[in-house]
Amino acid sequence: MSARIILIGPPGAGKGTQAARLTEKLGVPAISTGDIFRANVAEETELGKTAKSYMDKGEYVPDEVTNGMVRDRLAQSDAAEGFLLDGYPRTEAQVNELDAMLTDLGSSLDAVVEITADTDEVVSRLLERAKIQGRADDTEDVIRHRLEVYAKETQPLTAIYADRGLLKQVDGLGEVDEVTARILAALDA
Ligand code: B4P
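Residues numbered from 1 in each chain as written. Predicted model: local features only at pLDDT ≥ 70, side-chain atom pairs only at ≥ 80, totals over all residues.

The name given to the protein chain in an unreviewed UniProt entry is Adenylate kinase, and the organism recorded there is Brevibacterium samyangense. According to its UniProt record, the protein chain has this under Subcellular location (unreviewed entry): "Cytoplasm". Its UniProt record gives the protein chain the following Function (unreviewed entry) comment, quoted word for word: "Catalyzes the reversible transfer of the terminal phosphate group between ATP and AMP. Plays an important role in cellular energy homeostasis and in adenine nucleotide metabolism." (UniProt positions renumbered as here; feature names shortened; annotations may be inferred.)

What follows is the structure, encoded as structure tokens:
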């Protein structure tokens, strides 16, 4: 199966968690814009300095920064046969830019998996993660703001992909293994 897949869902729905498992099962690289930003923050690159100023407040990094970064990543050879995009696109401008990138690469999307989870669950997961990882954007105020930004900027994108017949909705509640099995079943269907 060709696998050019987007994982979409609110913060804490399990995108990163599931991407790490699906990459092995599907044999394609997981490309997480959040992870790439965090690596740049840790290395104190110019991109990292820009990203940090937005991420710490729970805001999205500007589209022009994010789009250029993804365009470079998708052009790498390991993404030629497929990819799992975790956390991109998050805005309508990013949807349009991804369309342009894929046209330039002569490829197209196979599926968009929306992982759903209610607000209480995602807030509690992210507060748990905060105790372990101490991410600057996992404080309760910033989490709530990220959820608002998600509802305004990213949730509407699911309708775009539904119209294209690409959207598969998967319940993100339950054991991590169960959610992985649901995603694989949805992709097979
Ligand atoms: P991300 O890194 O994408 O962060 P996230 O939305 O919190 O998702 P993540 O993948 O980390 O968490 P997951 O749900 O797997 O983005 C961070 C920031 O980067 C954004 O706010 C933004 O500033 C910037 N950014 C990224 N992409 C961008 C873009 N395209 N445009 C602009 N800005 C962008 O897991 C959360 C927790 O839940 C974990 O602790 C996990 O262990 C737990 N969990 C997962 N599944 C579970 C389950 N089934 N049961 C119990 N716990 C579970």
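That covers the picture; the talk isn't over yet.
### A few points about the overall build of the protein chain
Across its full length, the protein chain holds nine helices and five strands. Radius of gyration (C-alpha) of the protein chain: 16 Å, near the 16 Å computed for a compact globule of 189 residues. By its C-alpha atoms, the protein chain is 40 × 40 × 30 Å across when sized along the principal axes. Of all 189 residues assigned to the protein chain, the portion counted as buried reaches 32%. (Helix = DSSP H or I, 4+ residues; strand = E, 2+ residues; numbered from the N terminus. Rg over C-alpha atoms; globule rule 2.2 N^0.38 Å. Buried ≥ 20, exposed ≤ 12 C-beta atoms within 10 Å, placed from the backbone.)

### Here we look at the site of the ligand
Taken together, 27 residues surround the ligand, and among them Gly14, Gly16, Gly34, Gly87 and Arg129 come closest. Of all elements in the fold, only helix H1 (15–26), helix H2 (33–42), helix H3 (46–55), helix H6 (119–133) and helix H9 (176–188) reach the threshold of two or more residues within the shell around the ligand. (Near = placed C-beta within 6 Å.)

### Quick look at the UniProt feature "binding site: AMP" (unreviewed entry) in the protein chain
Mapped onto this numbering, the UniProt entry annotates "binding site: AMP" (unreviewed entry) at Thr33, Arg38, Glu59, Tyr60, Val61, Gly87, Tyr88, Pro89, Arg90, Gln94, Arg135 and Arg146. The largest pairwise C-alpha distance within this set of annotated residues, which runs over 114 residues, is 24.7 Å, so the set is dispersed in three dimensions. Among the residues examined, Glu59 registers 15 C-beta atoms within 10 Å and is labelled partly exposed. Filtering out sequence-adjacent residues up to four positions away, Glu59 remains in contact with Tyr54 and Val149. Relative to the assigned elements, Pro89 resides in the loop between strand E3 (82–86) and helix H5 (92–105). Residue class for Pro89 comes out buried when judged on the 26 C-beta atoms lying within 10 Å of it. (Contact = placed C-beta atoms within 7 Å.)

### Looking at the packing of H1 against H9
Where H1 contacts H9, the axes come no closer than 10 Å and their chain directions differ by 55°. Viewed along their axes, H1 and H9 adopt a mutual orientation that is oblique. The hand of the H1/H9 crossing is right-handed. Residues Thr17, Gln18, Arg21, Leu22 and Lys25 of H1 touch H9, and the partners they reach there are Val176, Val179, Thr180, Ile183 and Leu184. (Axes fitted to C-alpha atoms, helices over the stretch in contact; angles between N-to-C directions. Parallel < 35°, antiparallel > 145°, perpendicular 65-115°, else oblique. Left-handed = near helix turned anticlockwise from the far one by under 90°.)

### Thoughts on the UniProt feature "binding site: ATP" (unreviewed entry) in the protein chain
Taken from the UniProt record, the annotation "binding site: ATP" (unreviewed entry) applies to Gly12, Ala13, Gly14, Lys15, Gly16, Thr17, Arg129 and Gly174. In this structure Gly12 comes out as buried when scored by C-beta crowding, with 26 C-beta atoms within 10 Å. Beyond its immediate sequence surroundings of up to four residues, Gly12 is in contact with Ala117, Val122, Arg125 and Leu126. Mapping Gly16 onto the fold places it in helix H1. If we ignore the near neighbours within four places in the chain, the residues touching Gly16 are Ser32, Gly34 and Asp86.

### Comments concerning H5
Taking 1.5 Å as the rise per residue, H5 with 14 residues should run 20 Å; its terminal C-alpha atoms sit 20 Å apart, in good agreement. Phi turns positive, to about 70°, at Gly106, one or two residues after H5. (Expected span 1.5 Å × (residues − 1).)

### Some remarks on the sheet that holds strand E1 (residues 3–8)
The five strands are arranged E2-E3-E1-E4-E5 in an open sheet whose pairing can be described as parallel. Only two strands of the sheet have a single partner each, and these edge strands are strand E2 (30–32) and strand E5 (167–171). When strand polarity is set aside, the average angle formed by the axes of neighbouring strands in this sheet is 20°. Packed on one face of the sheet, H9 meets strand E4 (111–116) and E5 and runs near 155° to E5. (Pairing = 2+ DSSP bridges.)

### Quick notes on unusual backbone geometry
Of all residues except glycine, most have a negative phi; of all peptide bonds, most are trans. A cis amide bond links Tyr88 with the next residue in sequence, Pro89, at an omega value of 0°. Unusually for a residue other than glycine, Glu44 sits at a positive phi of about 55°. Position of Glu44 among the secondary structure elements: in the loop between H2 and H3.

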